[in-house]
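One-letter residues, chain by chain:
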Amino acid sequence: MKTLIVLSFLIFLPFLGASQKMNKDSQAKRAMFFYWGYNRSFYTDSKISFFGPGYDFSLAGVQATDRPSPDFITYVDPSTLTVPQFNARIGFNFKKKWALSFGYDHMKYVIVHGPRYLLSGKINPLIDPSSNWSWSGDYNAEPVTTDESTFHYENTNGMNYIRAEISHIDKLARVSNAFAIYSVSSLGAGLVLNYNDFTFAGEKSMTTLSMSGVGASAHLGLRLEFFRHFFLQANNSVGFLYQHRVKTRGNDPYAYARQSLGYFQSDIVLGGIFYLRPKDNCNTCPNW
């Protein structure tokens, strides 16, 4: 994850230049920004299908929650900044009021145990002959209750939505150089990278990595800018993720899950703004 952030910065690094004498406006062409912050995510109920040697079944109506870090120190300690659910992004204004950016949302997804889900499909009793596996058999939308000790599915090392985003930036108000308010409306699309934990049939697999699918999203933010170089921004997002192949066993390429879901996310980020070198690259440019 840290590597992706560094690579994103290096992509835009060649555009950076020394500040010239010019009126700095964060919605103007060639302004560059970055931000870092944290989120809470909420998910629609969904159907998850599981495939592997000896089983092919699905659970419908699955509920899930995110998992925020319980300790405040986790959010401010430099050694644990990437542990909570975070958002990171870097971008630039390719024309006035329009920005292109790249980054990702590190979300966590954990199924909820207790509700009754509808089980369909087939589970071979021989996949775990050492135990009395209670779900063995053929099913057609039959209600079951999950238990974390025997069946569990989560992505707490990340259901990472890596996306490009195009944004429209509107200035709502400015008070001299000290303070300004902007609205930011965006559309995004990209890939989903999963680190999956899966407990099933007497086996627990941890942090199984896969590029599982694609996503699309819409975002609306309110940016409070300070001294033309710093900002605090609150965002609300809605999106859809289609995960065609989430690997569930690291040593078995044929063991995977399939899922599609909607999400709503709220996040708060802190950011900085740079102003790129004018095209004529002169040292005596007028103020404009």
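Remember, predicted model here, so these are calculated numbers, not experimental data.

**Q** Got a minute to help me understand the overall build of the chain in this structure?
**A** Check the secondary structure of the chain and you find two helices and 13 strands. Taking all contacts inside the chain whose residues are at least 6 apart in sequence as the whole, residues at least 24 apart take part in 72%.

**Q** Can you help me understand the pairing of strand β12 (residues 230–247) in this one?
**A** For a regular strand, side-chain orientation follows a simple rule: the groups alternate between the two sheet faces. Here strand β11 (residues 203–226) pairs with β12 via 14 bridges, running antiparallel. What sits directly across from Leu222, in β12, is Ala234. Where β12 lies against strand β13 (residues 256–275), 16 bridges are found, and the strand directions are antiparallel. Paired with Leu241 across the bridge in β13 is Leu261.

**Q** How should I be thinking about the pattern of salt bridges in this particular structure?
**A** Where side chains of opposite charge bring their charged atoms close, a pairing between them can arise. Scanning the model with the defined rule gives eight salt bridges in all. Residue Asp105 pairs with Arg163 through a salt bridge whose shortest N-O separation is 3.1 Å. Taken together, the positions of Asp105 in strand β6 (residues 98–111) and Arg163 in strand β9 (residues 152–175) put the pair 58 residues apart, joining distant regions of the chain. Given the relative accessible area of 1%, Asp105 is considered buried. A relative accessible area of 3% means that Arg163 is categorised as buried. Its salt-bridge partner being Glu225, residue Arg174 comes within 3.0 Å of it at the nearest N-O pair. In this pair, Arg174 sits in strand β9 while Glu225 sits in strand β11, placing the two residues 51 residues apart along the sequence. Residues participating in the shared-partner salt-bridge network are Asp105, Arg163 and Glu165.

**Q** Looking at this model, I keep getting lost on the nonpolar core. Mind explaining?
**A** The nonpolar side chains of soluble globular proteins are, as a tendency, buried together. If you look at the biggest cluster of nonpolar residues, it comprises 31 residues, and the most contacted ones within it are Phe50, Phe57, Leu59, Tyr109, Trp135, Phe151 and Tyr153. Among the elements that make up this core, the one with the highest residue count is strand β3 (residues 55–62) (four residues). Setting aside residues no more than four positions away along its own chain, Trp135 makes contact with Phe57, Leu59, Leu119, Ile123, Val144, Thr145, Thr146 and Phe151. With 11 residues, the next largest nonpolar core counts Ala31, Ala99, Phe231 and Ile273 among its residues.

**Q** Is there a simple way to explain the environment of Ser266 in this structure?
**A** The topology assignment puts Ser266 in strand β13. Its relative accessible area of 27% is what places Ser266 among the partly exposed residues. Each C-alpha atom, one on Ser266 and one on His219, is 9.7 Å from the other, the two residues being 47 residues apart in sequence. Here Ser266 is in contact with Tyr38, Asn39, Arg40, Asn235 and Asn236, once residues within four sequence places are set aside. Within the structure, the side chain of Ser266 is placed 2.7 Å from the side chain of Asn236, a separation counted as a polar contact.

Cut-off values and rules
Residues numbered from 1 in each chain as written. Predicted model: local features only at pLDDT ≥ 70, side-chain atom pairs only at ≥ 80, totals over all residues. Heavy atoms only, no water. Helix = DSSP H or I, 4+ residues; strand = E, 2+ residues; numbered from the N terminus. Contact = heavy atoms within 4.5 Å. Pairing = 2+ DSSP bridges. Salt bridge = Lys/Arg side-chain N within 4 Å of Asp/Glu carboxyl O. Buried < 20%, exposed > 50% of the residue type's maximum accessible area, 1.4 Å probe, protein only. Core = buried A, V, L, I, M, F, W, Y, C linked by side-chain atoms within 4.5 Å. Polar contact = N/O pair within 3.5 Å; in protein donor to acceptor, adjacent residues only side chain to side chain.

That's the geometry; what it means functionally is another story.
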